[in-house]
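Chains, contacts and geometry: an overview
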Amino acid sequence: MRVAVLGAGVVGVTTAYELARDGHDVTVIDRLTEPAAETSFANAGLIAPGHAYTWSSPRAPGILLRSLVDDGQALRFKPSLDPRLWSWSWQFLKNCTAEKARINTKRKVRLCRYSQERLAGIVADTGISYHGLDGGLLYLYRDPGSFARGSANTRILAEEGLDLRAVSPEEAVRIDPALANARNRLAGAVYCPSDGSGDARVFTQNLARHCTEHLGVRFLFDTEVKGFEASGDRILSVATTRGSVAAEEFVLCLGVVSPAFAGDLGVALPIYPVKGYSVTLPLDETHVAPTVGGVDEDNLVAYARFGDRMRVTATAEFAGFDKSHRPEDFRHMLAAVRDLFPSGADYARPQYWAGLRPMTPEGTPIFGRGGRFSNMTFNVGHGHMGWTMSAGSARITADIVGRTRLEFDPSGLMVQDAKSWFSGSRQRLN
Ligand SMILES: Cc1cc2nc3c(=O)[nH]c(=O)nc-3n(C[C@H](O)[C@H](O)[C@H](O)COP(=O)(O)OP(=O)(O)OC[C@H]3O[C@@H](n4cnc5c(N)ncnc54)[C@H](O)[C@@H]3O)c2cc1C
């Protein structure tokens with residue numbers, strides 16, 4: 001079948017790979033000049049089933065409220081008149097009960113684990129490299145109270161078969177000797193030995209190259225999707241700035257832009273952009289860089305090493321589609337990571353970036369066919385863990401497009417399950 005995949009982020013490219021492996025004739029369309037040039041460009045790189053907790057939890061409303069008065073760095077909620085923000089926030093709050101948090105976290109960790117297996121399969125099949133590290137991830141706690149809470153929370157992930165261990169500061173340093181200087185400031189850590197890290201952008205670009213060279217996938221860059229040409233309940237082609245692209249099946253993987261097409265497609269996609277900040281630091285053999293990635297939980301700062309670079313990310317900011325950043329936005333996260341790894345990288349040569357997470361209120365992505373057209377499949381809304389969930393999401397999507405037996409049960413994650421007040425609205429694009 002001829003399949004057009006819209007979007008060449010990590011989600012679109014992994015989807016194109018799975019579809020092409022199934023024997024489909026695949027074209028990928030993206031408005032930018034190369035794969036992974038939008039949100040997949042500079043994320044923290046954590047492949048983290050051990051951090052699959054949903055953001056909507058019983059503690060979240062209090063944290064949100066405090067962020068309105070407190071000039072904190074981890075969460076910045078800027079009230080605006082954007083009705084989509086209010087709609088999304090209402091849906092988010094409705095997911096903050098203990099029961100919903102449990103259901104959403106369970107769905108998420110199952111998908112994360114499936115995805116990690118699929119990622120290993122892709123790497124084994126293609127041999128592509130991505131600065132992958134598979135020595136686990138460390139979730140570090142500085143405060144004894146939050147360490148106790150963080151250790152207790154692991155139960156829900158352990159119920160899904162994940163091996164998570166609460167470890168002492170000494171053991172954390174044994175796992176990652178680069179933490180030696182911070183030992184006295186740690187209360188403890190949670191170690192997930194099966195988690196890992198890697199550069200999502202390098203992975204996506206290498207996979208796109210593999211798709212072109214070995215699987216006959218065509219990539220149309222600099223080509224913006226504008227709408228759809230349809231007849232009855234079928235899309236015939238996608239209208240782009242470079243003309244029409246015809247296909248029999250279409251897959252939407254446009255990250256934060258996906259809801260902009262809700263009006264045309266007749267579906268409500270409750271996805272809101274949540275901005276995050278990322279800084280990349282060069283390093284060489286003189287630096288004592290982390291050997292496994294992790295999260296400084298009390299500062300909500302994530303870090304990972306990619307070969308001769310260290311990536312550090314932080315902050316969840318509700319600021320619409322604004323991707324601007326100033327050096328002061330990075331001060332807090334750099335101070336936190338420097339405190340952990342004083343000579344971890346060359347802190348004098350930071351490269352700053354900000355990106356938008358395509359968040360759903362539940363924290364889980366949205367799959368499947370739905371809306372006005374029978375040949376449009378969605379693979380959207382991967383939020384703060386799209387790198388971790390991409391490979392499994394791609395396989396689920398290829399199974400739906402090919403009408404083959406689903407290897408993973410996506411119950412509760414289908415487009416019919418997504419609820420929004422904004423059914424059929426067209427979102428303004430900035
Ligand atoms: C600071 C930060 C840290 C993160 N850390 C992690 C992490 O450690 N682990 C993890 O698993 N996840 C992490 N994430 C989340 C992860 O990066 C995202 O979930 C993931 O990149 C989303 O991928 P995507 O392919 O859906 O979106 P994107 O990468 O944004 O891809 C969408 C593509 O659609 C294209 N597009 C949009 N509109 C159009 C149009 N009209 N026509 C044509 N093309 C169009 C865009 O150009 C883009 O290439 C992080 C995110 C941020 C911001």
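Heads up: the structure comes first, above all this text.
No experiment lies behind these values; they were computed from the predicted model shown. (Residues numbered from 1 in each chain as written. Predicted model: local features only at pLDDT ≥ 70, side-chain atom pairs only at ≥ 80, totals over all residues.)

Here's the deal with the sheet that holds strand 10 (residues 225–231)
Condition: Any two strands with at least two DSSP-identified bridges between them are counted as paired. Note on conventions: DSSP H or I runs of at least 4 residues are helices, E runs of at least 2 residues are strands, and numbering of each starts at the N terminus. Orientation is described by axes fitted as lines to C-alpha atoms, over the contacting stretch for helices, and by angles from 0 to 180 degrees between their N-to-C directions.
The strand order across the open sheet formed by 3 strands is 10-11-12, and the pairing between neighbours is antiparallel. For this open sheet the edge positions go to strand 10 and strand 12 (243–246), each flanked by a neighbour on one side alone. Strand-to-strand twist across the sheet, computed as the mean angle between neighbouring axes with direction ignored, equals 30°. By the bridge criterion, 4 bridges tie strand 11 (residues 234–240) to strand 12 in an arrangement that is antiparallel.

Comments concerning the site of the ligand
Where we set the bar: To decide whether a residue is near a molecule or strand, its C-beta atom is placed from the backbone and checked for lying within 6 Å of it. Polarity classes work like this: nonpolar for Ala, Val, Leu, Ile, Met, Phe, Trp, Tyr, Cys and Pro, charged for Asp, Glu, Lys and Arg, and polar for all others, with Gly in that last group.
Among the 39 residues in the neighbourhood of the ligand, the closest are listed as Gly9, Ala44, Gly255, Gly276 and Gly386. Of all the secondary structure elements, the ones that give two or more residues to the shell around the ligand are helix 1 (10–21), strand 14 (272–282), strand 18 (351–359) and helix 10 (386–401). Partitioning the shell around the ligand into residue classes produces 17 nonpolar, 17 polar and 5 charged.

Focus: helix 10
Under the convention used in this document: Two axes enter the bend calculation: one fitted to the seven residues ending at the residue in question, the other to the seven starting there, and the bend is the angle between them.
At Gly392, helix 10 shows its largest kink, close to 30°. Just downstream of helix 10, Arg403 is the residue with a positive phi angle, here 50°.

Focus: unusual backbone geometry
We note that His131 has phi near 55°; this positive angle belongs to a residue other than glycine. Mapped onto the fold, His131 is located in the loop between helix 4 (98–126) and strand 5 (137–141).

Some words on the nonpolar core
Across soluble globular proteins, you tend to see nonpolar side chains buried next to one another. Short version of the rule: We define the nonpolar core as any set of buried residues of the types Ala, Val, Leu, Ile, Met, Phe, Trp, Tyr and Cys, connected via C-beta atoms lying within 7 Å of each other. Residue burial is a threshold on neighbouring C-beta atoms within 10 Å of the residue's own C-beta, all placed from the backbone, with 20 or more meaning buried, 12 or fewer meaning exposed, and counts in between meaning partly exposed. In this description, a residue-residue contact is defined by the distance between C-beta atoms placed from the backbone, which must lie within 7 Å.
Counting residues in each nonpolar core, the largest one holds 120 residues, and the members touching the most others are Leu6, Ala16, Ala189 and Leu252. If one sorts the elements of this core by residue count, helix 10 sits on top with 8 residues. For Ala16, the contacting residues outside a window of four places in its chain are Val5, Val26, Val28, Cys211 and Val217.

Quick word on the pairing of strand 14
Among the 11 residues that make up strand 14, 9 are buried, leaving the element largely enclosed by the rest of the structure. Where strand 14 and strand 18 come together, 9 bridges link them in antiparallel fashion. Bridging from a neighbouring strand, Val274 pairs with Arg357 of strand 18. Across 7 bridges, the pairing between strand 14 and strand 17 (residues 309–318) is antiparallel. Within the sheet, the bridge partner assigned to Pro282 lies in strand 17 and is Arg309.

With respect to the environment of Val238
Its location among the elements puts Val238 in strand 11. Taking the C-alpha atoms as reference points, Val238 and Ala4, separated by 234 residues in sequence, lie 8.3 Å from one another. Excluding residues within four positions of it along the chain, Val238 makes contact with Ala4, Leu6, Ile29, Val225, Phe228, Ser244, Val245 and Phe250.

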